[in-house]
Each structure stands twice: as C-alpha cells, then as structure tokens.
Amino acid sequence: LTTVKQIWENREAYLDREIDLGGWVRSNRDSKSFGFLTISDGSFFEPLQVVYHDSLSNFQTIRKINVGAALIIRGTLVATPDAKQPFEIQASEISVEGDSAPDYPLQKKRHSPEFLRTILHLRPRTNLFQAAFRVRSVIAFAIHRFFQERNFVYVHTPLITSSDAEGAGEMFRVTTLDPNDIPRTPDGLVDYRADFFGKETNLTVSGQLDGEAFAQAFRDIYTFGPTFRAENSNTTRHAAEFWMIEPEISFADLNDAMALAEDMLKYIIRYVLEHAPEEMEFLNRFVDTGLLERLNHVLNSEFGRISYTEAVDILMQHNDSFDYKVSWGTDLQTEHERFLTEQVFKRPLFVTDYPKDIKAFYMKLNPDDKTVAAMDCLVPGIGEIIGGSQREDDYDKLLARIQELHMDEESYRFYLDLRKYGSSRHAGYGLGFERCVMYLTGIQNIRDVLPFPRTVGNCEL
Ligand code: 4AD
Ligand code: MG
C-alpha cells in the first residue's frame, strides 16, 4: 500500500499512476452518480480526497459507508490544480475492510480536547492528535539519537524497586495480593512486607540511583522510561505515570550537566523542526500561533542562568502579583517559574543552588552548607521541564544526610557503596518527557500529550 505521506512527498512520481491506499474514512459526501471520500491513513495528518463514480460495482455500498470505516482504495492519482488539495485519487475499485457504525463519535467538525479525552481510543484519529503523537514519537527518537551520537549507554532501570529515589514518599505500592488477603500486623496495620518480594516494593519515581551505578562503570549513561508518582497534584502539568530521560555523567559537575541539557533541548528542537515540519506547521496554526517563532528564538539564544538566591530577590519585588508569596527558603511554584522565564528572561533559564531543605537528599552540598548544587531548567509556557544536580560524592556527608532525614539506611546501602568504591564527581538530570512534548507542540495540558493519561482520579482504558 502507498501512504498519503509518500504521495505528498513524491506527487510528481505518482501522478497518473495506479495506487493502492489503505485508510479510514474521515468524510463521505455523495450525490446520485458519484461521491467524495476523504481518507486518512495516519502517515500524514491531512486526509486525501478520493472521488468515486457509479461505475464501481459496489457504488451503492460505498455511498452509504460510514465515517470511521476502514477501506482499501485502488485508483489513479490525478492533478487538481484549482482545488484546495493539489491532487486527488479517482477510484477504480474500493474494498471495505470494515464499515463503521453510524454512532461513530468523531464526526467532521472540530471536537474539544475535553470531549476527546472521553474517547482516548479514538482520538488518535483526529488531526490534532495525529500531529501531537507523531511529534511525540519523533522527539523520542531525537533524544535517543542525541545520546547515542555522544556514545552514552542506554540503561534500562527497573520499574519495581525497593528504594525511594527522591525520598519524597510519593510512591505507588506494589502488591500481588487481594486487599482482603493482605496479612495484618499485630496492631491491625496492613503488612505489605509479607508480599511477593519479601519486602516493601513500589513503582519507581526515578531511575537515577540505579543510573548512577551504571555511570560509575560506563561514565556516560541515560535512562528513558516510565516513572510513577502518587503526587496529589491535579494540574495540567502532573501525571501519575510519565516518562523521564535521565542522563548521568561521571567526572563532571553541575555546569557540565547544564551544558548537556542545553545542547540536548536545542538538538531536539532542531531535529523536530526538520523531521516533522508539516506537523509543526499545523500545531503553529491551530494550537499555538507563537510556537515556531519561539522555538527558533530558543535555537538562537543562550539559556539564562541565575541562582535561587538571585531569583528570590527578583521575585520578592513582585510578591503582590503572586498567590504564593516568596521568601528565601520557599520552593518556587509554577507561577514564579513562569514569571522568571516569561517576564524576566523571555527564554529558557537555569535556576541553580537551591536551599538543601527543599531538594532531594542526594544533591551535593555547597561550601556554604545551606544550598546544594542543584539546577532546574524553566521554559516559557510550562515552568520546570528539567530537574538535576551534581551528586553528593562524599561518603560521610551522604550518610549524614540520610541519617538526618531519618531515611532507611539499609535501603540505600548500595548507593552509599558507590561512594566507597571509586566515587567520581558526577552529575545528571531528569527531563520530563511529556513536559518536553508540551513545550515543543504548544499543547497546554499533559493529558493531551500522553496517549492514555493517568492522573489523580483518572485511569481510563
Ligand atoms: O525534578 P524531578 O523530581 O527530578 C528527578 O526525578 C531526578 N531524579 C532527576 C535526575 O536528576 N536524574 O523530576 C524531573 C522532571 C521534572 O523536571 C519534570 O519535568 C518531570 O520530571 N516531572 C513530571 N512530569 C509529569 N508529571 C509529574 N508528576 C512529574 N514530576 C516530575
Ligand atoms: Mg524537580
């Protein structure tokens, strides 16, 4: 079967030739002796027009074919210089793979993203989601290319784990048992420890700690996989299941991690503009009219850099306009992040050296003993897209921090070990894949860049 994309790219070669095309009906308009179908095969977000006549043996069937039906069309590609699309197919034979029922929910009109979220299994058949999910796929490939070109090793870190990589307690528990069969402790509490693994396990919130073990062997590694967070944040930027890319580099510090992150984001933008130009054009037209201009601007500018302390000084002058007031020591909220990147810097921005109390236990303590060598990358329209740090490589300091936070030392024994056996300076970061897709598509809600989103109160399909 020829694809619509092949036809768009090579129309001269296909003109006046016989073509077989498989796809789904977007619309069917008929009159007495002929009709028009628009057909989408997913290779290109814009459907292709097919004309059919009563010379077809099954003309009466095709006239009544419903929107959504799967067809195979044999026909000739002809030029239509005066029409909206410069070519169409004149069908000589149409076979029905599967008709669609008349109650097909996607009719030829614009549906709202809210409605489309109620039919997650059908929304990939719309122009918007064709563009969004194709760009998502291209971004994933670009990320692998970026790291593979630099000789990073791709590590598959486990999804089931017994440690809490972020130490934030936002984990989904893994259990094999029927809730009624879960053994109880003498106090009547659920005893998850009697589970399959003989200990408490959960879905991973980050592959970082395992990634660090590999970085101390391969030097430069990255992970790219699903992560899970039982964060009770019902926002347009939080999902319970999302994908994360976590590079980890050895013999490297925070500045090296920031340089890598900036190179990576620019590489991805360039790659997507080059490899999905029609989709990006479509998104620029229908989703976010400033998109292409903004992305091109990013390619031509350096990311901003500012310390947390400097950022707080700026933000405190604008506390009147914030719901959450800022002072030194408070964590930055999305409204503050967006203010910095949209109003002050007007481009992506790294904020560095956060107070240790609002950051994870593994971050390297700065000489001031108050802040850590952390960085968040903030982008316009979204806020935080990357979080990273240089890692504490000193055994005693790391152990002290784990104890100070009353974390279970045994669970982090392997992690401490890495500081015992040849601990190189190292740093890394996590890129939230969906936030990256939002940034590159202009789509405002994380539910619309995840094929089957899971958010608080929502796990459909
Ligand atoms: O800042 P976070 O929590 O950092 C880590 O997990 C580190 N282990 C990364 C590292 O240094 N290797 O998460 C990293 C990124 C965030 O910047 C954000 O883009 C994304 O992951 N993220 C989420 N995306 C969607 N839904 C959520 N609930 C997210 N939580 C974090
Ligand atoms: Mg973070």
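Cut-off values and rules
- Residues numbered from 1 in each chain as written.
- Chains lettered and ligands numbered in written order.
- Predicted model: local features only at pLDDT ≥ 70, side-chain atom pairs only at ≥ 80, totals over all residues.
- Heavy atoms only, no water.
- Helix = DSSP H or I, 4+ residues; strand = E, 2+ residues; numbered from the N terminus.
- Buried < 20%, exposed > 50% of the residue type's maximum accessible area, 1.4 Å probe, protein only.
- Contact = heavy atoms within 4.5 Å.
- 1 Å grid on protein atoms, 1.4 Å probe; cavity = no way out; pocket = protein on both sides within 12 Å on 5 of 7 lines; lining within 4 Å.
- Points joined across faces, edges and corners; volume = space filled by probe spheres on them.
- Nonpolar A, V, L, I, M, F, W, Y, C, P; charged D, E, K, R; others polar.
- Axes fitted to C-alpha atoms, helices over the stretch in contact; angles between N-to-C directions.
- Parallel < 35°, antiparallel > 145°, perpendicular 65-115°, else oblique.
- Left-handed = near helix turned anticlockwise from the far one by under 90°.
- Pairing = 2+ DSSP bridges.
- Polar contact = N/O pair within 3.5 Å; in protein donor to acceptor, adjacent residues only side chain to side chain.

S.K.: Tell me about the overall build of the protein, and please be specific about residues and values.
M.R.: Looking only at helices and strands, the protein features 14 helices and 16 strands. The dimensions of the protein, computed from C-alpha atoms along their principal axes, are 85 × 60 × 45 Å. Looking at the protein residue by residue over its 461 residues, the buried ones come to 51%. Excluding contacts between residues fewer than 6 apart, the proportion of contacts in the protein whose partners are at least 24 apart in sequence is 67%.

S.K.: Outline empty space enclosed by the protein, listing residues and values.
M.R.: Scanning the model with the defined rule gives two cavities of 30 Å³ or more in all. Approximately 40 Å³ is the volume found for the largest cavity. In this structure, the largest cavity is lined by Thr161, Ser163, Ala165, Thr204, Ser206, Leu209, Asp210 and Phe414. The residue makeup of the lining of the largest cavity, split by class, is three nonpolar, four polar and one charged. In this structure, the second largest cavity occupies an estimated 30 Å³ of space.

S.K.: Give a detailed account of the packing of helix 5 (residues 127-149) against helix 7 (residues 254-275), specifying residues and quantitative values.
M.R.: When two helices pack together, their arrangement is captured by the angle between the axes and the distance separating the axes. Contact geometry of helix 5 with helix 7 gives a least axis separation of 9 Å together with a crossing angle of 130°. Relative to helix 7, helix 5 is oriented oblique. In the crossing of helix 5 with helix 7, the sense of the turn from one axis to the other is right-handed. For the pair helix 5 and helix 7, the contacting residues are Val135, Val138, Ile139, Phe141, Ala142, Ile143, Arg145, Phe146, Phe147 and Glu149 in the first and Leu260, Asp263, Met264, Tyr267, Ile268, Tyr271, Val272 and His275 in the second. Class assignment of the residues belonging to the contact of helix 5 with helix 7 gives a composition of 14 nonpolar, one polar and three charged.

S.K.: I'd like a rundown of the sheet that holds strand 9 (residues 201-203), residues and numbers included.
M.R.: With antiparallel pairing, three strands are arranged side by side in an open sheet as 7-9-8. Of all strands in the sheet, those with a lone pairing partner are strand 7 (160-161) and strand 8 (173-174), marking the two edges. Alignment of strand 7 against strand 9, held across two bridges, turns out to be antiparallel. Counterpart to Ile160 in the pairing with strand 9 is Leu203.

S.K.: Summarise the environment of Arg26; cite the residues concerned and give the values.
M.R.: Here Arg26 lies in strand 1 (residues 18-30). Separated by 23 residues in sequence, Arg26 and Thr3 have C-alpha atoms that sit 16 Å apart. Beyond its immediate stretch of four places on either side in the chain, Arg26 contacts Thr38, Ser40, Phe45, Pro47, Val67, Lys108, Arg125, Thr126, Asn127 and Gln130. Within the structure, the side chain of Arg26 is placed 2.7 Å from the side chain of Asn127, a separation counted as a polar contact.

S.K.: Outline the pairing of strand 5 (residues 87-98), listing residues and values.
M.R.: As defined by bridge partners, strand 3 (residues 48-53) adjoins strand 5 across two bridges and the pair is classed as parallel. Considered in strand 5, the bridge of Val50 is made with Ile89. In this structure, strand 4 (residues 70-79) lies alongside strand 5, joined through 10 bridges in antiparallel fashion. Following the sheet pairing, Ala70 is matched in strand 5 by Gly98.

By themselves, these figures tell us nothing about what the structure is for.
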